[in-house]
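# Geometric and topological summary
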Amino acid sequence: MFRKLHNPGSATVTIYIDGCAVTAEAGESIAAVMLRQPTGWSRTTSISQSPRAPYCMMGVCFECLVAVDGKGSLQGCLTPVRDGMRVTRQQGRRSLSA
Amino acid sequence: MQPDIVVIGGGTVGAAVAYGLAMRRQKVLLLDGDDGDFRAARANFGLVWLQGKGLDMPAYQALTRSSTELWRGFSDELEAESGIELFLEQNGGLAFCLGEEGLEKRRLDLLRLHNQRGGGEPDWEMLDRAALERLLPGVALGPKVAGASFGRRDGHANPLRLLAALHVALLRRGANVRHRARVNRIEPAGADFRLVLNGETLTAPRIVIAAGLGSSALARQVGLEVPLRPERGQVLVTERLARFLPLPASGLRQTDEGTIMIGATKDGHDFDVSTTTEAAASLSRKTTEIIPALAGVRLVRHWAGLRIMTPDSYPIYAESRSHPGAFVAICHSGVTLAAVHASLLAEAIAEGSLPDTFSPFHQRRFDVPQAA
């Protein structure tokens, strides 16, 4: 779907999306990384469970909600990647513990 | 169409009365206010609630009990009439108690209410922490929670859907609704009433004033002094969560949509629906003392509404003695009492007079002689 135009070189970090290791560039957002994945969606909605992908990329639409290191409902477009970060596609309603 | 009856006020109270009248084949015209008006129906918490209510006013306890008993039938009928689901649950409700002292105080408060009731089986019981944990298997309670009172008749429903359903159903039953219809003046017109609106005049043989905080000025014109003041209630709501709270609690409930409603403050007596950081902090603190894991959940909205408070906090249902055919209906628990408003109250108004069961709620209880 999307691809990076340049090679980040030494600025590369590794994050884990649903357990799969993915390379990313330091400083870019989780949502940008997710848009490059073969699985296009990043969450399912809380009522109809329909899949959603990052959309506005500026913190408005809340379509890119993900859980990061166990903390739920973070906006992927406003959260920069960190090396070793564990991202989970949020499915339906959050449970109280995550 | 000349209406049999005009209901002034399209909030939860006025709409329930108008719906009940329309179901009784009255030709009803409902006059609803403006979007910018103070509308208590915006900040309803959605509890259908009995426990703890009616101290020093046994008639209110009895009225509330009747309404909780009528609610299931009311909900079934209204859902069928409107096609809108109300998500009523009446599996009981909780009031969490912090510390052993808090638990004991709650027990004494409910016992006092029970004694004032004068007979009947208690419809509540006290739960210690172990019993409470058995009732809420998925919930990790905070260390200060000593237990809770459990009210068997308590429950909750979706208050926004309730209001929408009432409006849909009364239209389907032939009632008319006028929005942004502000009544500026009420005048007698023979045995009828003339209502002066902006640019229009209506006439009806009977009227019901259910205009919330706007009721005092209208009621005065038909000879009823109705003392009212606003009481602000601030409410918080969280993002949607998977169902974990099987029962509603006083000030804390999980809605059918998964959100957690937290509330409500009693923190102001002005015509002011702004929100305060202090309230957000105190409501959040109170809630995380009960369920600490909620600290990690996102709040999505914080808003406020104004309760309609009489001097003793209890409702006013009255017909004017000087202007027969003019009724007032005012209260702050419009959701709980909706079942009574749509049945017993609407029935009485349709028949033309309020029976003795409503007499404890007449406004004359506030009339004070000017000189001793």
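Residues numbered from 1 in each chain as written. Chains lettered and ligands numbered in written order. Predicted model: local features only at pLDDT ≥ 70, side-chain atom pairs only at ≥ 80, totals over all residues.

### A closer look at the nonpolar core
Put simply, the test is: Joined through C-beta atoms within 7 Å, a set of buried Ala, Val, Leu, Ile, Met, Phe, Trp, Tyr and Cys residues constitutes a nonpolar core. Remark: C-beta atoms are placed from the backbone, and a residue is labelled buried if 20 or more other C-beta atoms sit within 10 Å of its own, exposed if 12 or fewer do, or partly exposed between those counts. By definition, residues are in contact whenever their C-beta atoms, placed on the basis of the backbone, come within 7 Å of each other.
Membership of the largest hydrophobic core comes to 114 residues, with the highest contact counts inside it found for Val7, Ile8, Val17, Ala18 and Val208 of chain B. Leaving out residues up to four positions away in the same chain, Val7 of chain B has contacts with Gly14, Val17, Ala18, Val28, Leu30, Leu31, Val208 and Ala210 of chain B. In this structure, Leu35, Val66, Cys77 and Val81 of chain A belong to the second largest nonpolar core, which totals 14 residues.

### Looking at the interface of chain B and chain A
We count it as follows: Each residue is assigned to one of three groups, with Ala, Val, Leu, Ile, Met, Phe, Trp, Tyr, Cys and Pro labelled nonpolar, Asp, Glu, Lys and Arg labelled charged, and all others, Gly among them, labelled polar.
Listed by partner, the interface residues are nine residues for chain B and eight residues for chain A. The residue inventory of the side of chain B that touches chain A, partitioned by class, reads four nonpolar, two polar and three charged.

### Topic: the pairing of strand β5 (residues 65-68) of chain A
All names here are of chain A. Quick reminder of the rule: For two strands to be treated as a pair, DSSP must find no fewer than two bridges joining them. Numbering of helices and strands starts at the N terminus; helices are DSSP runs of H or I of at least 4 residues and strands are runs of E of at least 2.
Bridge analysis of β5 against strand β6 (residues 71-75) gives three bridges, and the strand direction is antiparallel. Looking at β6, one finds that Val68 is bridged to Lys71. What sits between β5 and β6 in their antiparallel hairpin is a turn of two residues, with Asp69 showing a positive phi close to 50°. Judged from the three bridges that link them, β5 and strand β7 (residues 86-91) form a sheet pairing that is antiparallel. Its bridge partner being in β7, Val68 is matched across the sheet by Val87.

### Details of the sheet that holds strand β11 (residues 200-204) of chain B
Residue and element names in this part refer to chain B. Our working rule: Orientation is described by axes fitted as lines to C-alpha atoms, over the contacting stretch for helices, and by angles from 0 to 180 degrees between their N-to-C directions.
With antiparallel pairing, three strands are arranged side by side in an open sheet as β9-β10-β11. Among the strands making up the open sheet, the edge pair consists of β9 (183-189) and β11. Averaged over all neighbouring strand pairs, the angle between strand axes comes to 20°, with direction disregarded. Pairing of strand β10 (residues 192-197) with β11, which is carried by five bridges, proceeds in the antiparallel orientation. Paired with Val196 across the strands is Thr201, a residue of β11.

### Observations regarding unusual backbone geometry
Residue and element names in this part refer to chain B. Between Gly263 and Ala264 the backbone carries a cis peptide bond, its omega angle lying at -20°. Counting through the fold element by element, Ala264 comes out in the loop between β15 (260-263) and α7 (277-290). One non-glycine residue, Arg180, adopts positive backbone phi at about 50°. Take Arg180: it is sitting in the loop between β8 (176-178) and β9. Given 13 C-beta atoms within 10 Å, Arg180 falls into the partly exposed group. A positive phi angle is found at Ser313, which is not glycine, with a value near 75°. Residue classification places Ser313 among the partly exposed positions, given that 17 C-beta atoms sit within 10 Å.

### Concerning the packing of helix α2 (residues 58-82) of chain B against helix α8 (residues 338-351) of chain B
Residues and elements named next belong to chain B. Here is the rule: Each angle gets one of four labels, with under 35 degrees taken as roughly parallel, over 145 as roughly antiparallel, 65 to 115 as roughly perpendicular, and the rest as oblique.
Remark: α2 packs on α8, axes separated minimally by 7 Å, with the N-to-C direction vectors making an angle of 85°. Classified by the angle their axes make, α2 and α8 are roughly perpendicular. In contact with Leu63, Ser66, Ser67, Leu70, Trp71 and Phe74 of α2, α8 contributes Ala338, Ala339, Val340, Ala342 and Ser343. When the residues that make up the contact of α2 with α8 are grouped by side-chain class, the tally is eight nonpolar, three polar and no charged.

### Digging into the domain arrangement of chain B
All names here are of chain B. Under the convention used in this document: The source of the domain bounds is an automatic or database domain assignment.
The domain architecture assigned to chain B consists of domain 1 (5-83 + 158-227 + 311-366), domain 2 (93-150) and domain 3 (229-309). For domain 2 and domain 3, the distance between their C-alpha centroids amounts to 21 Å. With five residues, the single largest contributor to the side of domain 2 that touches domain 3 is strand β4 (residues 93-98). Each residue belonging to the side of domain 2 that touches domain 3 can be placed in one class, and the counts come to nine nonpolar, three polar and one charged.

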